[in-house]
Each structure stands twice: as C-alpha cells, then as structure tokens.
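These are the residues of each chain, in order.
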Amino acid sequence: MNKMKKQNGFTLIELLVVLVILGLLAGLVGPQVMKYVSGAKSDTARLQLEDISASLDLFYLDIGRYPTSNEGLQALTSQPAGLENWDGPYMKKKTIPDDPWGNAYHYVMPGQHGEFDLYSLGADNAPGGEKDNGDINSWE
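Residues numbered from 1 in each chain as written. Predicted model: local features only at pLDDT ≥ 70, side-chain atom pairs only at ≥ 80, totals over all residues. Heavy atoms only, no water.

Caption draft 1: Representation of the environment of Q112 in the model. Here Q112 shows up in the loop between strand 1 (106-108) and strand 2 (117-120). Considered as a pair, Q112 and W139 are 27 residues apart in the sequence and their alpha carbons are 9.8 Å apart. (Helix = DSSP H or I, 4+ residues; strand = E, 2+ residues; numbered from the N terminus.)

See the structure below:
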C-alpha cells in the first residue's frame, strides 16, 4: 500500500499572501503611528516648558526677580554669583532638559510677551514652521 506522508508547514504561496497582507497593514497603520509620535514630542515640550516656568517662579520667590538672560536657565540649577537668597536647585532633576528634539530651550528676560520668554523652536530649531517644526512657547 502506498500511503502518502502528510507534510506539515506552509506553502510558498501562503507565505507570500501573509507577507502581502502585513505590507498592506504596515502601509496603512505606519503613517498614523508617526503622526502620534510627532504630536507626543510637541506635548512633551509643552510640559517641560510648564515645569521650567514653575521653577522660574520659585526662583522669583526667593530672589525677588527672574534670572537675567545672562544668568540663563542655569541659574535654576547652580547659584549665580552674588545671590545670597538663592535656595536651589529649583529643578527636580537638577538639570535643565533639552527639548524633545535635542535643542536647548531659549530663555529671554525681560521678555516681549511677559516677564520672561521661554520657548523651543521645534524640530528644525528655526523660527516659525508648522507641525514638528513649529515654535512652542510659554506665553500661549
């Protein structure tokens, strides 16, 4: 008697069909995931700006003024010369974070939009722009 052996596994056609389906799903889902990732970086920058602004307010309560542009945000982590009432560091992590794109936050005192201007220029690190390249600031 001729008994045929039953083979286990997938045929080449079945594997190709699965790969085509996975490719189609990746093409549809991938852009949506990237949209949320870019939005998350902007949200992170806004939260960091709020945290740094709160630390600037604590500095103000101790010293009676905000750090000058020359002192910069480093005045929140290390005592500037001549400030006797400095009771920092004012940041929880004792460092000033970079924005989510790896650039330093910009700080100007006195500011044009308030007592100080604190902002990130976005992914392109240039004024203006849209989406990820858009500016994120503390006054809006």
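There's more to say after this.
Caption draft 2: The pattern of salt bridges, seen in detail. Taken as a whole and judged by the stated rule, the model has two salt bridges. The partner of D43 in a salt bridge is R46, with the nearest N and O atoms 3.6 Å apart. Here R46 and D43 lie together in helix 1 (residues 12-63), a separation of three residues that amounts to about one turn. With a relative accessible area of 46%, D43 lands in the partly exposed category. Taking the relative accessible area as the measure of exposure, R46 reaches 42% and is therefore partly exposed. The salt bridge involving E71 is made with R65; its shortest N-O contact spans 2.9 Å. (Salt bridge = Lys/Arg side-chain N within 4 Å of Asp/Glu carboxyl O. Buried < 20%, exposed > 50% of the residue type's maximum accessible area, 1.4 Å probe, protein only.)

Caption draft 3: Expanded view of the sheet that holds strand 1. With antiparallel pairing, the three strands of this open sheet are ordered in space as 1-2-3. The sheet terminates laterally at strand 1 and strand 3 (136-137), the two strands that pair on one side only. Across two bridges, strand 2 lies against strand 3 in antiparallel orientation. Across the sheet, the residue bridging to Y119 is N137, located in strand 3. (Pairing = 2+ DSSP bridges.)

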